[in-house]
Amino acid sequence: MMKRKYAVLALILLLCCFEAKAEDGSRLWLRTEKNAQQEQPKVKMSGKKDATLRLACDEIHQYWKGKSVVLTVKKNGKTRDGFDIFDDSRAVRIESASSLGVLYGAYTLLRMQAMGQPIQGTISETPCYDIRILNHWDNPNGTVERGFAGRSIFWHDALSAPSGRTRRAVDGVTSASTPQDNAPQKQDDHLVTIWKAYARANASIGINATVLNNVNAKPLMLGDEKLQETKRIADVLRPYGIKVYLSVNFASPKAIGGLSTADPLDPDVRRWWKEKANDIYRMIPDFGGFLVKANSEGEPGPMDYGRSHVDGANMLAEALAPHGGIVMWRAFVYSAKEGSDRAAQAVEEFMPYDGQFAENVIIQIKNGPVDFQPREPISPLLLAMKQTQTMIEVQITQEYLGESVHSVFLAPMWKECFDVAKAPDGFANFDKHIGNRKTAFAGVANIGDSRNWCGSDMAQANWYAFGRLAWNPDLSNEQIAREFLSQTFSTNPVFVTEMTHVLCQSRESCVKYMMPLGLHHIFAGNHHYGPEPWYAPKGVRADWLPPYYHKADANGLGFDRTVETGSGATKQYPPSLYNKYNDLNSCPENLLLWFHHVAWNHRMHSGKTLWDMLCLTYEEGVREAEAFADTWRNMKQYVDADRWEALMKRYDRQARDAWWWRDACVLYFQTFSKLPLPDGFRPAKFKLDDLKRYRLVMDNYTAADMDKLP
Ligand code: GCW
């Protein structure tokens, strides 16, 4: 009897321990256990002991499980956030010209430890981009545009004040309090804990800047209350080397400044911005600057007053310049009314101003010419601007790649853009300095207040990959995937090898089951999750509708952008790419329908017709998505139960969605091609009419809604 009692007790104890070890994804890739007090290594600091150097010291104390470490800030150390790490047999040494460089070195050392890598020779690194910046599309009321991971970690209205939902077991930062009750002080402390954990995660992968609010910016962001909040956030982020920026609404002088205009050439308006900048810098001396979406999708801008992008950007630049701030002016513009080919509009609008932007203006350009589609060619503007500092904006949040349900690793997509940018006759300067200007790389964040930050545990890989690529764009997809998987889940070699393969293949598979061969923007009308290539209600502007992009008809499929018979957008590329893209025979097949309207019976390189190839590529995508689910099913033994299960559900849903996409698109396009389905194409699971009737109405639909899908 007694024995049984002990056995039960032991079991309960065991369960408790297990419970304590249960993973909720909140620790991201930073899962090394803390050292017990007596096991902490010796750490020596030399150089000015600022908050950042002390942080580096803390990190090593708490997590490094090896010999003594010496952290040195010295004049002739690596500059520009770089560092050296070497082992001189007495101690591991991390050296840099700045304490931030030392902190990055410390995180690198800890990453190597987590991956079981020895220190061989000197590890010497300097980041590629000066500004490695997240763009949060967070609104002041706490919602997140295109966010699939809950609400904002920065902003909240009275109703959405941080609740249990935001409570996280945050490791690595000292929790100021546990938010058991709703006392405002406790809530504030809790927010600080989250911001610290956020800053630490970013610093661990080299991110050094963040825009705290949506590019669709509310004027009230520049009001006192929000600026106070911005200051509080900036104070927490500063020791981790992260500068804050704000998105600004161009009409702010009118909306909150009491002026009758926001005309950038009006002296009162110019004065208003200068004073605003002075106020901000009084509160936040290292404030980064402004991000601006102007005259795009209904946002106000200089054109409202008959002025240009140059007038608008340079006015803001002038206000920020005395403080060292910069303006990131977005080139995501297309005419307010239907105009020329949407893919061509950024070049048409910006090229006339090349060379006219102020020193502290960077033109922020999306990686592709339309809008973060699963596959786009590089934006021609990135290759065209000769005398303007440009920067690439990618989307980490998966607005168009399965939100937080599909596991799609985006590093391969971003690297594809970097690779094409190497066209010998292009002028790509997003990674080169024009004069003293800064280089930058921006990613639209996928972070919210869900426990695992990103909605899905695997979506964390994209946050991780963004930071690593902003640091070093030459890292391979495999290397990044391996690093992420072994730190975040398990170092077991079978797990890492199998899942690295899955991750690295996942983006291509997603393209295959959603929009192969250069198809784009054939998403549903009310959301960007599922397919609706037929969506064309009356009264909606054509370039917001799928048929504008796929142009299916009895003859064939695809958007003719050639010079001879189409929109001529191919001409915007440098000759080496123009020659390739404009010619049906030399155009890469994975972009074929982006640049050409192709006959259904056109022979592809494989000898198959376009129609057969289209069907079989969709089929291949589905099979690959199914294989991902199978692989993950087999990974159960390597991953904790909670995260395994949550992802299993998602992988199964992803495979089902792949069928949904395949059937919707192929059956719909068949109504034009009137051709039979090729051998090897499995019978459809869905009926076209049923899918056409189906309406997914949730906008930011989440995993909780997965069962409501077809
Ligand atoms: O991708 C589209 C999104 C919008 C977004 C816009 C932009 C913030 O659908 O939600 O608005 O691009 O990048 O400005």
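Note on numbering: residues in each chain are counted from 1, in written sequence order. Under the rules for a predicted model, residues below a pLDDT of 70 receive no local features and side-chain atom pairs below 80 are neither given nor counted, while totals for whole chains, interfaces and linings still include all residues. Derived side-chain values reflect all non-hydrogen atoms in the structure, with water molecules and hydrogen atoms excluded from consideration.

## Observations regarding the overall build of the chain
- Secondary structure elements follow DSSP: runs of H or I of four or more residues count as helices, runs of E of two or more count as strands, with numbering from the N terminus. Counting its secondary structure elements, the chain contains 20 helices and 15 strands.
- Note that the radius of gyration is over C-alpha atoms, with the globule rule given as 2.2 Å times the number of residues to the power 0.38. For 710 residues, the compact-globule formula gives about 27 Å, and the C-alpha radius of gyration of the chain, at 26 Å, lands near that figure.
- Its C-alpha atoms put the chain at 80 × 75 × 55 Å along the principal axes.
- Buried positions account for 60% of the 710 residues belonging to the chain.
- The protein chains shown are the only cover counted for residues, whose accessible areas, like all others here, come from Shrake-Rupley with a 1.4 Å probe. On the chain, roughly 27,400 Å² of surface is accessible, and the fraction owed to carbon and sulfur atoms is 52%.
- Working convention for charge: Lys and Arg count positive, Asp and Glu count negative, and His plus the chain ends are omitted. To locate a charge, take NZ of a lysine, CZ of an arginine, CG of an aspartate or CD of a glutamate. Averaging the coordinates of the 85 positive side-chain charges in the chain and doing the same for the 84 negative ones gives two points 4 Å apart. Relative accessibility decides the category of a residue: with a 1.4 Å probe and only protein chains considered, values under 20% of the type maximum give buried, values over 50% give exposed, and everything between is partly exposed.

## Observations regarding the site of the ligand
- Only a single heavy atom is needed: when it lies within 4 Å of a molecule or strand, its residue is near that molecule or strand. Near the ligand you find 15 residues, and of these Glu145, Lys293, Arg330, Asp371 and Glu399 are the closest.
- Polar contact is defined as a pair of N or O atoms within 3.5 Å, subject to the rule that within protein one atom must be able to donate a hydrogen and the other to accept it, and that residues adjacent in sequence are counted only when both atoms are side-chain atoms. Lys366 is positioned such that a nitrogen or oxygen atom in its side chain is 2.7 Å from an oxygen atom of the ligand.
- Between the ligand and Glu399 there is a distance of 2.5 Å, counted from an oxygen atom to a side-chain nitrogen or oxygen.
- In the complex, the protein chains occlude 97% of the 340 Å² of accessible area that the ligand would expose alone.

## Digging into the domain arrangement of the chain
- Domain start and stop points were drawn from an automatic or database domain assignment. Structurally, the chain comprises domain 1 (37-125), domain 2 (131-167 + 184-488) and domain 3 (512-559 + 597-708).
- When each unit is reduced to the centre of its C-alpha atoms, the spacing between domain 2 and domain 3 is 30 Å.
- On the side of domain 3, 28 residues touch domain 2, which itself brings 30 residues to the contact.
- The term buried area means the drop in 1.4 Å probe accessible area that two parts suffer when joined, counted for both and summed. Between domain 2 and domain 3 the total buried area reaches about 2,600 Å² when both faces are included, carbon and sulfur atoms providing 50% of it.
- When the area that domain 2 buries against domain 3 is broken down by residue, the three leading residues are Glu403, Val405 and His406, summing to 23%.
- For this document, the term salt bridge refers to a Lys or Arg side-chain nitrogen within 4 Å of an Asp or Glu carboxyl oxygen. There are 0 salt bridges connecting domain 2 and domain 3.
- Applying the counting rule to domain 2 against domain 3 returns 12 residue pairs in polar contact (both at pLDDT 80 or more). Here, two residues are considered to be in contact whenever any of their heavy atoms come within 4.5 Å of each other.

## Notes on the sheet that holds strand β4 (residues 92-96)
- Strand pairing is assigned whenever DSSP detects at least two bridges linking the two strands. Spatially, β1-β2-β4-β3-β5 is the arrangement adopted by the 5 strands of the open sheet, whose pairing is mixed. The open sheet is flanked by β1 (43-46) and β5 (123-125), the only strands paired with a single partner. Along the sheet, successive strands turn relative to each other by an average axial angle of 10°, direction set aside.
- Bridging between strand β2 (residues 69-73) and β4 involves 5 bridges; their strand directions are parallel. Paired with Val69 across the strands is Val92, a residue of β4.
- Only the stretch in contact is used when a helix axis is fitted, and all axes are lines through C-alpha atoms; the angle between N-to-C directions ranges over 0 to 180 degrees. Together, β1 and β2 form the strand contacts of helix α2 (residues 51-63), whose direction differs from that of β1 by roughly 165°.

## What about the pattern of salt bridges?
- As enumerated under the stated definition, the model contains 49 salt bridges in all.
- Ionic pairing is found between Arg232 and Glu229, a salt bridge with its closest N-O pair at 3.0 Å. Here the residue Arg232 and the residue Glu229 both occupy positions in helix α5 (residues 224-237), the gap between them amounting to 3 residues, near one helical turn.
- Two residues, Asp279 and Arg282, come together in a salt bridge whose shortest N-O distance is 2.5 Å. Taken together, the residues Asp279 and Arg282, both in helix α7 (residues 267-283) and 3 residues apart, mark about one turn of the helix.

## Focus on unusual backbone geometry
- A positive phi is found at Arg80, a non-glycine position, where the angle reads about 50°.
- Along the chain, Arg80 turns up in the loop between β2 and β3 (83-87).
- Take Arg80: its relative accessible area is 37%, and that puts it in the partly exposed class.
- Of note, the phi angle at Arg146 is positive, near 55°, even though the residue is not glycine.
- Mapping Arg146 onto the fold places it in the loop between β6 (131-135) and α4 (184-204).
- You can call Arg146 partly exposed: its relative accessible area is 22%.

## Considerations on the side chain of His520
- Locating His520 in the fold gives a position in the loop between α14 (493-514) and α15 (546-550).
- In terms of polar contacts, His520 uses its side chain to reach the side chain of Arg561, at 3.2 Å.

## Some thoughts on the pairing of strand β11 (residues 361-366)
- A large share of β11 lies buried, amounting to 6 of its 6 residues.
- Side chains Val361, Ile363 and Ile365 project from β11 onto one buried face, and the interleaved Ile362, Gln364 and Lys366 project onto a second face that is buried too.
- Where strand β10 (residues 326-330) and β11 come together, 4 bridges link them in parallel fashion. Across the sheet, Arg330 pairs through a bridge with Gln364, a residue of β11.

## Comments concerning the confidence of the model for the chain
- Chain-level statistics for the chain give a pLDDT mean of 92 and a share of 91% at 70 or above.
- Known as pLDDT, the predictor's per-residue confidence is scaled from 0 to 100. Low pLDDT (under 50) marks residues 13-20, which in the prediction has 0 contacts with non-local residues, meaning those over four places away or in another chain.
- Confidence over residues 174-181 falls short of pLDDT 50; this stretch has 12 contacts with residues more than four positions distant or in other chains.

## Comments concerning the packing of helix α12 (residues 460-471) against helix α13 (residues 477-488)
- One way to put it is that α12 packs onto α13 with a least axis distance of 10 Å and a crossing angle of 130°. In terms of axis orientation, α12 runs oblique to α13. α12 and α13 meet at a crossing whose hand is right-handed. Residue-level inspection shows Gln460, Ala461, Tyr464, Ala465, Arg468 and Leu469 of α12 in contact with α13, the latter providing Ile480, Glu483, Phe484, Gln487 and Thr488.
- In the scheme used here, Gly and all other residues not listed as nonpolar or charged are polar, with Ala, Val, Leu, Ile, Met, Phe, Trp, Tyr, Cys and Pro taken as nonpolar and Asp, Glu, Lys and Arg as charged. Split by residue class, the contact of α12 with α13 holds 6 nonpolar, 3 polar and 2 charged. Any angle between 65 and 115 degrees counts as roughly perpendicular, while under 35 counts as roughly parallel, over 145 as roughly antiparallel, and the rest as oblique. Working rule for handedness: look at the near helix, and if it is turned counterclockwise from the far one by less than a right angle, call the crossing left-handed; if clockwise, right-handed.

## Focus: α12
- Expected span of a helix, by definition, is 1.5 Å for each gap between consecutive residues, and there is one gap fewer than residues. With 12 residues, α12 extends 17 Å from end C-alpha to end C-alpha; this agrees with the ideal 16 Å at 1.5 Å per step.
- For α12, the buried fraction is high: 12 of the 12 residues fall into the buried class.

## Focus on the sheet that holds strand β7 (residues 209-211)
- If you trace the 8 strands once around the closed barrel, you get β6-β7-β8-β9-β10-β11-β12-β13, paired in parallel fashion. With strand direction ignored, the average angle separating the axes of adjacent strands in the sheet is 25°.
- Relative to strand β13 (residues 440-444), β6 runs parallel, the two being bridged by 5 bridges. Residue Ile133 lies in a different strand from β13, and its bridge partner there is Ala442.

## Observations concerning the side chain of His550
- With respect to the element layout, His550 can be found in helix α15.
- Owing to a relative accessible area of 2%, His550 belongs among the buried residues under this scheme.
- Polar contacts involving the side chain of His550 include one to the main-chain carbonyl oxygen of Pro533, which spans 2.9 Å.
- One polar contact links the side chain of His550 to the main-chain amide nitrogen of Ala552, over a distance of 3.0 Å.

## Observations regarding the packing of helix α18 (residues 610-634) against helix α19 (residues 641-673)
- Where α18 meets α19, the closest approach of the two axes is 9 Å, and the angle between their N-to-C directions is 170°. Classified by the angle between their axes, α18 and α19 sit roughly antiparallel to one another.
- Among the residues forming the contact of α18 with α19, the class breakdown is 20 nonpolar, 3 polar and 6 charged.

## Remarks on the pairing of β3
- One ladder, built from 3 bridges, connects β3 with β5; its direction is antiparallel. What sits directly across from Asp84, in β5, is Ser124.
- Pairing between β3 and β4: 4 bridges, direction antiparallel. Along β4, the bridge assignment pairs Ile85 with Ile94.
- If you look at the hairpin formed by β3 and β4, you'll find 4 residues sitting between the two strands, and Ser89 has a positive phi there, around 75°.

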